[in-house]
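# Coordinate inspection notes
Spelled out from the first residue to the last, the chains are:
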Amino acid sequence: MAPPETDLAAHREVQDVVRDAARLEALRASGLRNDGEGPELERIARLAARALGAPAAFLSLVDESCDHYLASHGLPEPLATTRQLTGPTLCHHTIAVATPAEPLVIGDTAADPRYRDVPTVRSLGVAAYVGVPLLWDGQAIGALCAIDVVPRAWSDDDVAAMRDAAAAAQHALELRGLARQAADAHRRVASVLSSISDAFFTLDRQWRFTFVNDRAEQVLLRRRDGLLRRTIWDEFPAAVDSAFDREYRRAMATGEPVAFDAYYPPPLDAWYEVRAYPGPEGLAVYFQDVTARRRAAAALAESEARFRTVQDASTDGSFLAHAVRDALGRIVDLRFVYANAAAREILGLGDVPVVDRTLSELFPASVAEGRLAVYARVIETGEPWLGQVAYAHHGVQRGLRATAVKVGDGVHIAFADLSERIRAAEERERLLLALQEERAVRDAVNAQMPAGLIVVEAPSGRLLYWNHETERLFGHPMIPVDEVSEYGPYGGVHADGRRFAPQEYPIARAVRGEVLDQFPLTYQRPDGTMVRLSVNATPVRDAAGTITHAVCTIMDVTARERAAERTRQLQVVSAALAAAVTPADVTELFVSHAVETIGAFGGSLALVEGDGTHAAFAHAVGYDAADVARWQRFPIALATPFGDAIRTGETIALATRDEWLARYPHLVPADRPHACESLLALPLLVGDRAIGVVGLGFHGARGPSADERTYLQTLAGITAQALDRARAYEGEHVARAEAEEARHRAEVTRREAELANSVKAQFLATMSHELRTPLNAIGGYTQLLEMGVHGPVTGAQSEALARVQRSQQHLLGLINSVLNYAKLEAGKITYELTSVPAPEIVRAVEALVAPQARAKGVVLTVEEPAAPLAVRADLEKARQVVLNLLSNAVKFTAGGGRVTVAFARADGMATIAVRDTGRGIPADQLPRVFDPFVQVGRRLTSEDEGTGLGLAISRDLARGMGGDLTAESAEGVGSTFRFTLPVATGA
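Residues numbered from 1 in each chain as written. Predicted model: local features only at pLDDT ≥ 70, side-chain atom pairs only at ≥ 80, totals over all residues. Heavy atoms only, no water.

With an unreviewed UniProt entry as reference, the protein is termed histidine kinase, source organism Roseisolibacter agri. Reading the Catalytic activity (unreviewed entry) entry of the UniProt record for the protein gives the comment "ATP + protein L-histidine = ADP + protein N-phospho-L-histidine." (UniProt positions renumbered as here; feature names shortened; annotations may be inferred.)

Here is the structure:
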């Protein structure tokens, strides 16, 4: 059934409003169709749906025929994905009939003839609807809407919530518009300043560069990023105390503009015409390089002097005349400024004055014959004239071959032969040569730029210019293209390996108006290598704002990013090596990491044996088992890459089979598929001592790059320290096991020796028990009597009871002493005391603790004594004390803190002080710090590992060597432990 005529009329009215030209222009001007989407609008749509309890809500922009959804919640597919719906829709009605204060509210679309036949109502099953229009410049350009699939009566709270959500959406859209307008304005200003012909920069009131345009970069021979945020006096020191300094400061001080010419010495070696305008933010400076103009003026003066000299000596006639112009600038006469003697003679002027006379005064016939028009054309066009001139003098006709050449705003008229014409041609050649030199300078500057440079035409994207650095970065000659769609052959690669589409390249995006700063680009060269590039791209606009060109600069950041990755890897491996406990853990970790990092097929690590004559492989991966077995143990003196690396402490690199043959002909690898054709051998050094060697093998010819070699040498040094520490730890562990075994044997011997005393011990225990029981009873009954339990006690009796108690306590103490003596176990420690340099005690320990400190970020410093200092001590036990003190100091000091070792001497005793900036020890806990099985001060939780015996043992060792170990601390400041030892005799 056709809708009633009234419904059709209403529908046409709605469509008229939707298609209104002013409304559509407001929609276009808003720019929201292109960049209106955003997470904040999605949140508003979601909150609107939740606030009204509606299954769906959306924010749409309405053009002449479609709804475009900027945000939605709960829309069905495919609408949720396509985000577009062809009208007419209920949003069209909202725009036509509703206002922000009076939304369109429909409780049952089926019951309302105005809306039940709207196509989208039927296709989407919309039963209830509420919509609020969104405005731009007073025009409704869209709506915030909520829908339900069942009829419902929207409450006043529902409508109010919808109005609030629409107000939030309206605010969000206005903020987007303002942000876009500000960005457009900024780009226009930057484009104008960058495209002006004058060089231009701005300084803030601290004399720092805040803006530098392209022309200023060219004139100052400096890149923009090397000037911004730096002071003009630091970057151009020759400007200090010069005209630049005086005039700039005068402008800033007075607030008045200044204009001046000044010279800047090499490397610029140029004259500049400067105009500086002060403002609240600082100084805006426009300047031009007028070196050529000044040199031209000097050259002109010199040329004029030469001209007069030459012309005065010439036998040809010569006139120089300036144009005389009327108010409209037209040439109406010529005024002579020079005439040589030959001209006077040729023309028969005699003593008639010529200078300051006009052509019409001296030669009226020439004017009548059209000579003035010829000379005027020469002046206006710059084109020289050569011809025959008829001249009558005293009735004698003369035919002169004359030339006329423009000179400034005048003309040089010569009665000469062709030599004058040759000189004119030479002058033109000089000017052309000067132009070529200027272009050569420009090309040389671009060629010397440390960055690639590309210029393209807009909007086509046609490639106009590139420098040599661009081709070096890309690894191939530039491919001429005429439009953006032809950028496909270039080698941009996404992170997932996809090639760049032509329109994705930074220069293509700049053609479309985008400005890209430090855009990261991975580029695949024709040889397959990948380089990481940082690209800046910007459009260039003309005075009307139209994009005419796009420019991009390209920097190679591959080495910088590779160095950062190397540093990160080094930190990770260093931490892992610091945590490794055994030599096997260290060797396996280093070899596997080095093989993976360098791309070797195999790797191995050999350690020097105790006698120093042989080395044996501790770990190997990737090599043939037979090769590993054959070289499992080898003499260091043998001429091999590994032996040479250990003996010399130098890295041995064999990149090709020829290098193998030249240096180790007896070791040339066999000609089989997995033979090691190239090798890198790195010594593992602790100080100047080689403790082993690392080998990395490659199938083909390969020499490590400089940064690879540096990285591996650094890693080898860290590994050597870790191995030395692990081997020391392992040796200590073995020594402890042996000591424990010896202690066990001694204990068995002691028990056997004490077996004979068991009866005595049992007797002492029994007697102590039998005696202590009645003594305790005596003490108890005595206390009862003294308390008067059995009746009053006299003073004499109290005194007697007190004597009984004292005797009982004394006897009980004697019995306890006897019992303790029976239980006492005595241990004996042997000390080998020798004269030892105090720094030597610390030096070996520092190497063990340094990796732990670096991993934790603690600065470990060992200060040298003011004078040589030797102590009398057992070296190993003294090192054990210092190791315990340094380990504790690093363990209880947070990252960023400091641990310092210092030496002192006083009263025949030497002190090794270990200071840290850790948590410190509470004052009430400090006296217990040396008690066995006690940990106080640092951390009282189980988080800090340890038995609590370290400090107790250290103090016993210190005292056993005739010294002591003391501590002082302040909570929250740090602790200082002082290890004292006797000064060696004669030291």
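Helix and strand counts for the protein stand at 30 helices and 35 strands. Counting every position in the protein, which comprises 987 residues, the buried fraction comes to 41%. Partitioning the contacts of the protein with sequence separation of at least 6, the portion at a separation of at least 24 is 54%. (Helix = DSSP H or I, 4+ residues; strand = E, 2+ residues; numbered from the N terminus. Buried < 20%, exposed > 50% of the residue type's maximum accessible area, 1.4 Å probe, protein only. Contact = heavy atoms within 4.5 Å.)

Here the focus is the nonpolar core. In this structure, Leu886 and Phe979 are the most contacted members of the largest nonpolar core, which totals 38 residues. Looking at this core, the elements that each hand over two or more residues are α28 (838–856), β31 (870–873), α29 (875–891), β32 (898–906), β33 (909–916), α30 (950–960) and β35 (974–982). Contacts of Phe979, omitting those with residues within four sequence positions, involve Ala878, Val881, Val882, Leu885, Ala910, Thr911, Ile912, Ala958, Met961, Asp964 and Leu965. (Core = buried A, V, L, I, M, F, W, Y, C linked by side-chain atoms within 4.5 Å.)

Moving on, we get to the packing of α28 against α29. Two elements in contact, α28 and α29, have axes separated by 9 Å at closest approach and are oriented at 20°. With respect to their mutual orientation, α28 and α29 come out roughly parallel. Judged by the sense of rotation from one axis to the other, the crossing of α28 with α29 is right-handed. Contacts between α28 and α29 involve Glu840, Ile841, Val842, Ala844, Val845, Val849, Gln852, Ala853 and Lys856 from the former and Leu875, Ala878, Arg879, Val882, Leu883, Leu886, Ser887, Val890 and Lys891 from the latter. Considered class by class, the residues forming the contact of α28 with α29 number 12 nonpolar, two polar and four charged. (Axes fitted to C-alpha atoms, helices over the stretch in contact; angles between N-to-C directions. Parallel < 35°, antiparallel > 145°, perpendicular 65-115°, else oblique. Left-handed = near helix turned anticlockwise from the far one by under 90°. Nonpolar A, V, L, I, M, F, W, Y, C, P; charged D, E, K, R; others polar.)

Bringing the confidence of the model for the protein into the picture now. On average, residues of the protein carry a pLDDT of 82, and 86% of them reach 70 or more. This model gives residues 1–6 a pLDDT under 50, and the stretch forms two contacts once residues within four places in sequence are excluded. Counted against residues more than four places away or in other chains, residues 937–942, with its pLDDT under 50, gives 18 contacts. (pLDDT = per-residue confidence, 0-100.)

With that settled, consider unusual backbone geometry. Residues Pro266 and Pro267 are joined by a peptide bond in cis, for which omega reads 15°. Relative to the assigned elements, Pro267 resides in the loop between β9 (258–264) and β10 (270–279). Between Ala458 and Pro459 the backbone carries a cis peptide bond, its omega angle lying at 5°. Among the structural elements, Pro459 can be located in the loop between β17 (452–457) and β18 (463–466). At Asp137, a position not held by glycine, the phi torsion is positive, near 55°. Along the chain, Asp137 falls in the loop between β5 (128–136) and β6 (139–148). Positive phi outside glycine occurs at Leu221, with the angle close to 60°.

For the rest of this paragraph, the subject is the pairing of β5. Of all the nine residues making up β5, eight are buried; the element is thus mostly covered by neighbouring parts of the structure. The pairing of strand β4 (residues 104–106) with β5 spans three bridges and is antiparallel. Bridge pairing links Leu104 to Gly131 in β5. Strand direction decides the pairing type here: β5 and β6, joined by nine bridges, are antiparallel. Counted as the bridge partner of Gly131 is Cys145 from β6. Where β5 folds back on β6, the antiparallel hairpin that results is connected by two residues, among which Asp137 adopts a positive phi of roughly 55°. (Pairing = 2+ DSSP bridges.)

It is worth spelling out the sheet that holds strand β23 (residues 602–608) at this point. Judged by pairing direction, the sheet is antiparallel, and its six strands sit side by side in the order β25-β24-β23-β28-β27-β26 without closing on themselves. Looking along the sheet, the strands with just one partner apiece sit at the ends: β25 (633–635) and β26 (652–654). Strand after strand, the sheet turns through a mean of 20° between neighbouring axes, direction not considered. Summarising the sheet, β23 and strand β28 (residues 689–698) pair through six bridges and their orientation is antiparallel.

Our next topic: the sheet that holds β33. One open sheet accounts for five strands, arranged β30-β32-β33-β35-β34; its pairing is mixed. With partners counted over all chains shown, the strands left at the sheet margins are β30 (859–862) and β34 (964–970), one partner each. When strand polarity is set aside, the average angle formed by the axes of neighbouring strands in this sheet is 15°. As paired strands, β34 and β35 are joined by seven bridges and run antiparallel to one another. Bridging across to β35, Ser969 finds its partner in Ser975. In the packing of α28 onto the sheet, the strands contacted are β30, β32, β33 and β35, and the crossing angle to β30 comes to about 170°.

Moving on: the environment of Thr985. Mapped onto the fold, Thr985 is located in the segment after β35. According to the relative accessible area criterion, Thr985 is exposed, its value standing at 82%. Note: C-alpha distance between Thr985 and Gly908 (77 residues apart in sequence) is 9.3 Å.

As a further point, take the pattern of salt bridges. Here the structure, examined in full by the defined rule, presents 33 salt bridges. For Arg224, the salt bridge identified is with Asp214, shortest N-O distance 2.5 Å. Linking Arg224 in the loop between α9 (214–220) and α10 (232–235) with Asp214 in helix α9, this pair joins segments that are 10 residues apart in sequence. We note a salt bridge from Arg224 to Glu217, for which the minimum N-O separation is 3.7 Å. Its relative accessible area of 25% is what places Arg224 among the partly exposed residues. Residues joined by salt bridges that share partners form a network here, namely Asp148, Arg152 and Asp158. (Salt bridge = Lys/Arg side-chain N within 4 Å of Asp/Glu carboxyl O.)

Every buried residue belonging to helix α2 (residues 21–30) is among Arg23, Ala26, Leu27 and Ser30, and all of these are buried. What you see down the axis of α2 is that its buried residues fit within an arc of 100°, all on one side. Of the exposed residues in α2, the ones pointing more than 90 degrees away from its buried face are Ala21 and Arg28. Between the side-chain oxygen at the start of α2 and the backbone nitrogen of Ala22 there is a gap of 3.2 Å, and the oxygen is on Asp20. Positive backbone phi, at 70°, marks Gly31, one or two positions downstream of α2. (Arc of directions from axis to C-beta. Polar contact = N/O pair within 3.5 Å; in protein donor to acceptor, adjacent residues only side chain to side chain.)

Next up on the list: the packing of aromatic side chains. Following the criterion strictly, the structure yields 28 aromatic pairs and no others. Between Phe244 and Tyr248 the ring centres are 6.3 Å apart and the planes differ by 55°, which places this aromatic pair in the tilted class. Pair noted here: Phe244 and Tyr248 are both in helix α11 (residues 243–254), with a separation of four residues, about one helical turn. As far as the burial class goes, Phe244 and Tyr248 line up, both buried. Ring pairs connect the aromatic residues Phe201, Phe209, Phe236, Phe244, Tyr248, Phe260, Tyr264, Tyr272 and Phe287, which therefore count as one cluster. (Phe/Tyr/Trp six-rings, centres within 6.5 Å; stacked < 30°, edge-to-face > 60°.)

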